[in-house]
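Here is how the chains run, residue by residue.
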Amino acid sequence: MKLEENLKSIISQAFTELFSAQLGMQEIKLQPTRKEFEGHYTFVTFPFGKLSKLSPEQTGEKLGEYLVGSSDVISAYNVVKGFLNLTIADPSWLQTFASIYNNSDHGTFPSNGEEVMVEYSSPNTNKPLHLGHLRNIFLGYSVSEILQARGYKVHKVQIINDRGIHICKSMLAWQKFGNGETPESAGIKGDRLVGNYYVEFEKRYRQQVAELVEQGQSQEEVEKNAPLLLEAQQMLKQWEQKDPEVYGLWKKMNGWVYDGFNATYEAMGVDFHKLYYESDTYLSGRDEVFKAEKEGLFFKKEDGSIWVDLTDDGLDQKLLLRSDGTSVYITQDIGTAMGRYNDFPKLKKLIYTVGNEQEYHFKVLFLILKKMGLPWADELYHLSYGMVDLPSGKMKSREGTVVDADDIIQEMTETAGKHTEELGKIEGFTDEQAQELYRILGLGALKYFLLKVDPRKRMLFNPQESIEFHGNTGPFIQYTHARISAILRKAEEMGLQFSESDIAAVAELNEYERNVLFMLNDFENKIDEAASDLSPSVLAQYIYDLGKEYNKFYAEISIFNEPNEGLLKFRVAFSQVVARTIRKGMKLLGIEVPERM
RNA sequence: GGCCCCGUAGUUCAAUGGAUAGAAUAGGAGUUUCCUAAACUCUAGAUGCAGGUUCGAUUCCUGCCGGGGCUACCA
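For clarity, every value in this text was computed on a predicted model and none was experimentally measured. (Residues numbered from 1 in each chain as written. Chains lettered and ligands numbered in written order. Predicted model: local features only at pLDDT ≥ 70, side-chain atom pairs only at ≥ 80, totals over all residues.)

(A) Structural context of the overall build of chain A. The number of helices and strands found in chain A is 21 helices and 14 strands. In terms of overall dimensions, chain A has a C-alpha envelope of 90 × 65 × 40 Å along the principal axes. Relative to its 597 residues, chain A shows a buried fraction of 37%. When contacts within chain A are restricted to residue pairs at least 6 apart in sequence, those whose partners lie at least 24 apart make up 73%. (Helix = DSSP H or I, 4+ residues; strand = E, 2+ residues; numbered from the N terminus. Buried ≥ 20, exposed ≤ 12 C-beta atoms within 10 Å, placed from the backbone. Contact = placed C-beta atoms within 7 Å.)

(B) Seen up close, helix H10 (residues 227–240). Compared with an ideal rise of 1.5 Å per residue, which puts 14 residues at 20 Å, H10 spans 20 Å between its outermost C-alpha atoms and is within 8% of the ideal. Among all positions of H10, only Ala 232, Met 235, Leu 236 and Trp 239 are buried. An end-on view of H10 places all buried positions within 100° of arc, on one side of the element. Turned more than 90 degrees off the buried face of H10, the exposed positions are Pro 227, Leu 230 and Lys 237. Each element contacted by the buried residues of H10 is listed here: helix H6 (165–177) and helix H11 (244–268). Following H10 by one or two positions, Lys 242 adopts a phi angle in the positive range, close to 60°. (Expected span 1.5 Å × (residues − 1). Arc of directions from axis to C-beta.)

(C) The arrangement of the protein's contact with RNA strand B in detail. Of all residues adjacent to RNA strand B, which total 69 residues, the nearest are Tyr 360, Asp 454, Gly 471, Ala 482 and Ala 486. Sorting the residues of the surface near RNA strand B by element identifies strand S2 (41–44), strand S4 (83–88), helix H15 (359–371), helix H16 (405–422), strand S14 (459–460), helix H18 (474–493) and helix H20 (536–556) as the ones contributing at least two each. In terms of residues, the surface near RNA strand B owes the most to one element, H18, which gives 8 residues. For the surface near RNA strand B, a count of residues per class yields 30 nonpolar, 19 polar and 20 charged. (Near = placed C-beta within 6 Å. Nonpolar A, V, L, I, M, F, W, Y, C, P; charged D, E, K, R; others polar.)

(D) Quick peek at the sheet that holds strand S12 (residues 380–385). The strand order S7-S6-S5-S11-S12 describes an open sheet built from 5 strands, whose pairing is parallel. Each edge of the open sheet is held by one strand with a lone partner, namely strand S7 (274–277) and S12. Within the sheet, the average angular offset between the axes of one strand and its neighbour, ignoring direction, is 25°. Two strands pair when backbone bridges link them, and strand S5 (residues 115–119) and strand S6 (residues 153–160) are joined in this way by 5 bridges, in the parallel orientation. In the strand pairing of S6, Val 118 is matched with Lys 156. Against the sheet, H15 touches strand S11 (347–355) and S12, its axis set at about 180° to S12. (Pairing = 2+ DSSP bridges. Axes fitted to C-alpha atoms, helices over the stretch in contact; angles between N-to-C directions.)

(E) The sheet that holds strand S9 (residues 306–309), seen in detail. On the basis of which strands lie adjacent, the open sheet formed by 3 strands has the order S8-S9-S10 and antiparallel pairing. The open sheet has two free edges, formed respectively by strand S8 (299–300) and strand S10 (317–321), since each of these has just one partner strand. As paired elements, S8 and S9 share 2 bridges and run antiparallel to each other. Each bridged residue has a counterpart across the sheet, and for Phe 299 the counterpart in S9 is Trp 307.

(F) Looking closely at the domain arrangement of chain A. Taken domain by domain, chain A consists of domain 1 (3–88), domain 2 (164–277) and domain 3 (405–588). A separation of 34 Å is found between the C-alpha centroids of domain 1 and domain 3. (Domains from an automatic or database assignment.)

(G) Molecular detail of the packing of H18 against H20. Between H18 and H20, the least distance of the axes is 9 Å, while the angle of their chain directions is 45°. With respect to H20, the axis of H18 lies oblique. Of the two possible hands of crossing, H18 and H20 adopt the one that is left-handed. Where H18 approaches H20, its residues Phe 476, Ile 477, Thr 480 and Arg 483 are matched on the opposing element by Ile 543, Tyr 544, Gly 547, Tyr 550, Asn 551 and Tyr 554. Residues that form the contact of H18 with H20 fall into these classes: 6 nonpolar, 3 polar and 1 charged. (Parallel < 35°, antiparallel > 145°, perpendicular 65-115°, else oblique. Left-handed = near helix turned anticlockwise from the far one by under 90°.)

(H) Main features of unusual backbone geometry. Phi at Lys 81 is positive, roughly 50°, even though this residue is not glycine. Mapped onto the elements of the fold, Lys 81 is located in the loop between strand S3 (74–80) and S4. Overall, the presence of 12 C-beta atoms within 10 Å leaves Lys 81 in the exposed class. The backbone phi angle of Lys 242 is positive, close to 60°, even though this residue is not glycine. Positionally, Lys 242 belongs in the loop between H10 and H11.

(I) Main features of the pairing of S5. Across the 5 residues of S5, 4 count as buried, placing the element largely inside the fold. With 5 bridges joining them, S5 and S11 adopt parallel strand pairing. Of the residues in S11, the one forming a bridge with Val 116 is Lys 349.

(J) Main features of the packing of H10 against H11. For the pair H10 and H11, the least separation of the axes is 8 Å and the interaxial angle reads 95°. By the angle class used here, H10 and H11 are roughly perpendicular. Residue-level inspection shows Met 235, Gln 238 and Trp 239 of H10 in contact with H11, the latter providing Val 246, Tyr 247 and Trp 250. Split by residue class, the contact of H10 with H11 holds 5 nonpolar, 1 polar and no charged.

(K) Structural view of the nonpolar core. One finds Ile 146, Met 171, Ala 445, Leu 539 and Ile 543 to be the most contacted residues of the largest nonpolar core, which totals 136 residues. Not counting residues within four places of it along the chain, the set of residues in contact with Leu 539 comprises Ile 146, Lys 526, Ile 527, Ala 530, Gly 585, Leu 588 and Leu 589. (Core = buried A, V, L, I, M, F, W, Y, C linked by C-beta atoms within 7 Å.)

(L) Region of interest: the confidence of the model for chain A. Of the residues in chain A, 100% have a pLDDT of 70 or more, and the chain-wide mean is 93. Predicted complex, confidence summary: ipTM 0.95, pTM 0.95. (pLDDT = per-residue confidence, 0-100.)

(M) The environment of Tyr 152, seen in detail. Within the secondary structure layout, Tyr 152 lies in the loop between helix H5 (131–149) and S6. When the C-alpha positions of Tyr 152 and Met 117 are compared, they lie 9.8 Å apart, and in sequence the two are 35 residues distant. With sequence-adjacent residues up to four places away left out, Tyr 152 is seen in contact with Asn 112, Glu 114, Glu 115, Val 116 and Leu 147.

Rendered as structure tokens:
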């Protein structure tokens, strides 16, 4: 039985015997004892005065006395006000350690038979990926990993916004202002090439608008009627009619973009099981809306446009189909959601990883689907995250303050290389090994930085200072792992083999060992918490704390100076479990961990 | 205007209604004969304001002040 379960059942039993009161295991909450007090687990007695008919202090005393007397799991207790602090006996810790050591699946839950879909990334094809996408991508990937460890079957998907006026703008600019260059001929990534033409279009368009305004036309008028814009709109119509030339160009340029995106995804170490393309789905949802309108769920205005009225739910009226019968964004989303439950009928949850500026959109979407009576509408979830700000404020493409994803990954890698070389850490590394290490460190720093913050909150990213490699960072954890790996290598050379009987040689644990064992024992709880909150930050903080505590142990204890061979073996095995837990935890954040650095 | 989110050390972030509000950085002082000093040990420093709910509030409620977002027949 797990340590905490065991404690809870003993407490429950104590209530029955001492106070003739029934207290279910679920009502018993244990929290880690604060550092400044003696003990490991704390039971708060304030709420149970009614059951014990005693003051909180007296309740604590009675319970503590009973617990120490009736079980050898608890070796001591103390009461401070309404807090009963319980000290776990070393043999119980050692027993806990043995069971974790022997369970190589520690940190992986058995399958729960449920399927979930996580949508993330979902870029437009007219712009390269930027810092904001990175938060999205790392978050979506990590959440997927966490849910999988928690026992779900996870489908990672993205929807690619591959059609629309924006891509036509890039295409038009490439046709009119380009020289027929390709990613190969220009020597740049395809997504950036296409993005450059989008920027080119916007530049020329603004130029044209300015010229026309100068000639006396009104700004508002011109913005809608500038010849360049009309041309782009014409192109979109041709695309919709599958005009061979336009369609061919669209395929070609999107192909470039996908090659570019894939290179970036690969560099980031993320993947997808299935891609949805908006060009396949943009017509879906229309029929359903028509149907629902006939059933009276939606209403039609005189001009023929179809709307949903959400004023009863505290929201507005929302357009679903234009007067000409064409779809808007949300109509497509209705269709794609239905399509997904069609593709995967067993889906339990559908999670959309999308920035919090779209909270209103998803609120409306989910409400509409619910009104349409879809049984799974309650299982839709918007995994909303805050923007990534720069010290200069918000990223704005117009002001050229957007931080490009490829650039930042490269910068981080270079910074990692610089630090590593300064510290003289790459002795014995080949060039390839060194480059690989820099990649792992740079990417690890970046991922950890973006994931350690509560996803819902807006956060600040300072590219100038780059990312610190000290303190609460990815490289700190990676470093800890590399240190432990060195110990394990040495232990292997010495031929040290831990077996459970070595535990007998451990007379007493030290403070660090107890703290670390407490945390190791808590690993699965943290995964569970991260999975139910859909928040990798919980886990990131946990791994950092674990690494920090181990570093204290490391600074204090000279493992190989230990004359007691059983104790030595225990400490090696202990280190081994910490390393394993760090690796597993970091994997759930999508972060690789080196053996040496 | 309406709706939503956020205000915590100089800075970046923590804290299922629980104890003396934690870390990390930056500042000050230390620790390398020994398993990797990207480490460790001291030290100094914070809940926007005003009420309420209760044994107890950073957390829940109300008002105010500050910051951001959404509120398109764009995607």
